[in-house]
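# Coordinates in review
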2 protein chains.
Amino acid sequence: MTAPVTIADVARLAGVSAVTVSKTLNNTGRISEQTRARVIQAARDLGYVANPAARRLRGARTNLVGMVVPELVSPYFAEVARAAAEAASSAGLDLGVFTTSRDPARERERVAALSGGLADGLILVVPTDDPQHLDVLQRSRTPIVLISHFGTPTDLPNVRADSYHGAHAATTHLLDLGHRRVGFIAGADGSSQAHERLRAYRDATGERGLLDPDLIRPGNFTQRRGFEAARELLDLPDPPTAIFAASDATAFGAMDAVKDRGLRVPQDISVVGFDDIAAASQSHPALTTVRHPIHDMSDSALRLLSGALAGEAVRGTVLDYPSELVVRETTAPPRSS
Amino acid sequence: MTAPVTIADVARLAGVSAVTVSKTLNNTGRISEQTRARVIQAARDLGYVANPAARRLRGARTNLVGMVVPELVSPYFAEVARAAAEAASSAGLDLGVFTTSRDPARERERVAALSGGLADGLILVVPTDDPQHLDVLQRSRTPIVLISHFGTPTDLPNVRADSYHGAHAATTHLLDLGHRRVGFIAGADGSSQAHERLRAYRDATGERGLLDPDLIRPGNFTQRRGFEAARELLDLPDPPTAIFAASDATAFGAMDAVKDRGLRVPQDISVVGFDDIAAASQSHPALTTVRHPIHDMSDSALRLLSGALAGEAVRGTVLDYPSELVVRETTAPPRSS
C-alpha cells in the first residue's frame, strides 16, 4: 500500500518542478505548449486527481450533480434517480445518487460531503423537514434544488407534484363505477404525500356518505405491506369491492393478495395505484393509477440547477405539477351492480 | 451566505471550549455526561458535520458504500444499482452511486473522492481496463470490489457472469427451432461482454454452417439502436426469421421495429434478448432472454465488501456466475417450417 499520487510524483515523471505542474493544471502562469503537454500526459499516466474540494474553491466544475434520496429499493425512488441520470446525461453531467435510509444525520452528512466540493450542485428528494436543516441548505454556497418538499417554507427552488387532486379523482372514479365500499391502503407515516392521498380519499368517500374507518389500513408504500393490508381488507365481514393503494408497489401487493384468494382483478375487486411507475403499464392487467410526473420533475430540477450554475436567479421558484388519473385495466364496476 | 458550521460555532452554542467539543465528538479525554449531552445537542442543532475524510482516518465508519457505474440511463445499470441499494440496505448501509459517462478521467475522480474518506468501501462496475488505473485501485487503502471486470488481471475481488455460454445457448435455441437465418445486433464496441456474446453467436451459427456476416449489425446496447438495426435486417433481400440482440433494451427496440412493419413476434420473427432485466418478463409477449444474475452478483459484491471491512482476506476471490437461457414467448419455429 502506498500513498495516493501527489503533484510531486507528476513533477518527477514530467521532469519539471512541482510549481510548474501546479501552474499547468491550474492554467496559471506562462508554460510552453511542450511542457504543458508533458505535464498533462504525466498526470494522466499516473492517474493524478487534484483534490476535488480544492478545485471547487478555484471555481473548477466537477461535472457532477449530487442527488440525495431516502432509498433506492422502492421502484419509485429508483425511477426518480434514473430520470435524473437521464436528464443529467443530456446536459453532459454525471450523477451521484446517495441514499440516507431516512436518517436525518446521514442526510446531513451526505449533503455536507456533496456540497463540500464533490458536486457542482445538489438535488434533494423529500428532504427532512427540519427548520435548522433547511436553514443550513439555504445558506449553502452550492446550488440546491428540492424535489417534493412540502413542509417548512424555504426560498430554495422546489419541484413537486400535487397528490390531493389525483387521489380524489381516483377515489371518485371508483365511486362513479358503482363501488360503495372502497378500501384504502395508506402510505408511510410522516410522509406529507401519504397524508394528502389519505385526505383526498377521506374527502371523496365522505362527500358521498361512504367513509368507513374500517376500510382504511396503515401502510408504508411497499409491495409486501400492500399484500398484507389487502388480506386484512378481504377478511372483513363486509369486504370492499375496490382497493385504492397509496403507491403502485402497494397496489401490486394488493393485486397479489386478490389473486392469492382465487379472485380476479378487476372482475371481483378493482385496484388503483399511485405514481405510474414504468411497471404500472406493463403489469397484467395493466394498473389504473395516478400519474406522478417523475420525468418532468427531474427534467425541471436539472434545468433549475443548470440555471443556478449559470448564475440565473432561481431562488423562490416553485413548480407545482398536477397529478392525473390514468385509467387502465384494473378497474371495473362491482360484481353486484 | 455564510461559511459552513465549524467546531467554533458548536463550542459557542454549547458554551464550552473548542477543545472540549473536539474531545467530545472524538470520544477522547474525560468529559462529563452533562457537557457531552450539551455538545452533541449543539452539534445536532447546527447540523455540524465533522470532515468525513478526517473521521475516516480515525477509523470511523461512514456507513456508505460507493458504487461507480458507467451510466444509469440503460435499464441494465439502473437495475444493478437498485440491486446493490437493496443489498446495502439489508446490511444497514447506504449507497452512493456515481456515473462516469464512460470517461476514464471522471472514473478516476469519482474513485478518488469516494476512497478519500467519503465511503467505507467501493464497488466498481465494469471498471476501465487500464493497467495504471487498476494498479491505483489495487493499492487503495479503501476496500474495493469489482463487478464484471474481464480484462487485465488484478487481485481485487471480482464478481462477474459468463456471457459466452448463455449467448451460445440462445443462438442454438433459435437454430433448434428451425431458423436458418438468425440476425444478430451487437453490443457496444470495446465491451468485453459484447465481444463474448458476438463470439458465441458466430460459433453457434458457424457450427451449423449458417454464419452470414450480412446478418450481423453493430449496436450499442440501446433500444433505439435495436430499432434501427432490426429495420436494416428486415430490409435485407433475404431477411432473417429470428433476431438475437445483445441486450434486452436492444431486443425491445427490435420488437418495436417488427411490429412497426406489421409483423408479429414470434409468429413472423422470433426475438431473443440478453440480461433478463425486470421488464423482460413483463413485456407483451414476454421476452425470451439470457439471464444475467444481477441480484446474485450485487449480493455477492456486498458480502465481499462487508468481509473486507471486517478484516477478512478477500483478495484474489473471483466469483464466476453462469448465464442461463430463459425461454418465454418471443421465440417460435419460423413460418416456413
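Residues numbered from 1 in each chain as written. Chains lettered and ligands numbered in written order. Predicted model: local features only at pLDDT ≥ 70, side-chain atom pairs only at ≥ 80, totals over all residues. Heavy atoms only, no water.

### Remarks on the nonpolar core
Formed by 60 residues in total, the largest nonpolar core has its most connected members in M67(A), I123(A), M67(B) and I123(B). Not counting residues within four places of it along the chain, the set of residues in contact with I123(A) comprises V65(A), G66(A), M67(A), V68(A), V145(A), I147(A), A301(A), L302(A) and L305(A). With 43 residues, the next largest nonpolar core counts A170(A), L210(A), A230(A) and A251(A) among its residues. (Core = buried A, V, L, I, M, F, W, Y, C linked by side-chain atoms within 4.5 Å. Buried < 20%, exposed > 50% of the residue type's maximum accessible area, 1.4 Å probe, protein only. Contact = heavy atoms within 4.5 Å.)

### Description of the pairing of strand β3 (residues 121–125) of chain A
All names here are of chain A. The element β3 is largely enclosed, with a buried count of five among its five residues. Burial of β3 is two-sided: the residues G121, I123 and V125 facing one way and the residues L122 and L124 facing the other way are all buried. Alignment of strand β1 (residues 64–69) against β3, held across four bridges, turns out to be parallel. Along β3, the bridge assignment pairs V68 with L124. In this structure, β3 lies alongside strand β4 (residues 144–147), joined through four bridges in parallel fashion. Bridge pairing in β4 links I123 to V145. In the classification by handedness, the crossover that spans β3, the intervening helix α7 (residues 131–138) and the parallel β4 is right-handed. (Helix = DSSP H or I, 4+ residues; strand = E, 2+ residues; numbered from the N terminus. Pairing = 2+ DSSP bridges. Right-handed = clockwise from strand over helix to strand, strands pointing away.)

### Structural notes on the pattern of salt bridges
One pass over the structure, following the stated rule, counts 47 salt bridges over all chains. In this structure, the salt-bridge partner of R225(A) is E228(A), at a minimum N-O distance of 3.3 Å. Here E228(A) and R225(A) lie together in helix α10 (residues 223–234), a separation of three residues that amounts to about one turn. Put simply, D276(B) and R328(B) hold a salt bridge, and the shortest N to O gap is 3.1 Å. Pair noted here: D276(B) is in the loop between β9 (270–272) and β10 (289–291) and R328(B) is in the segment after β12 (324–326), with a separation of 52 residues, a long-range link. We classify R328(B) as partly exposed; its relative accessible area is 25%. Bridged by salt links that share partners, the residues D94(A), D103(B), R106(B), E109(B) and R110(B) form one connected network. (Salt bridge = Lys/Arg side-chain N within 4 Å of Asp/Glu carboxyl O.)

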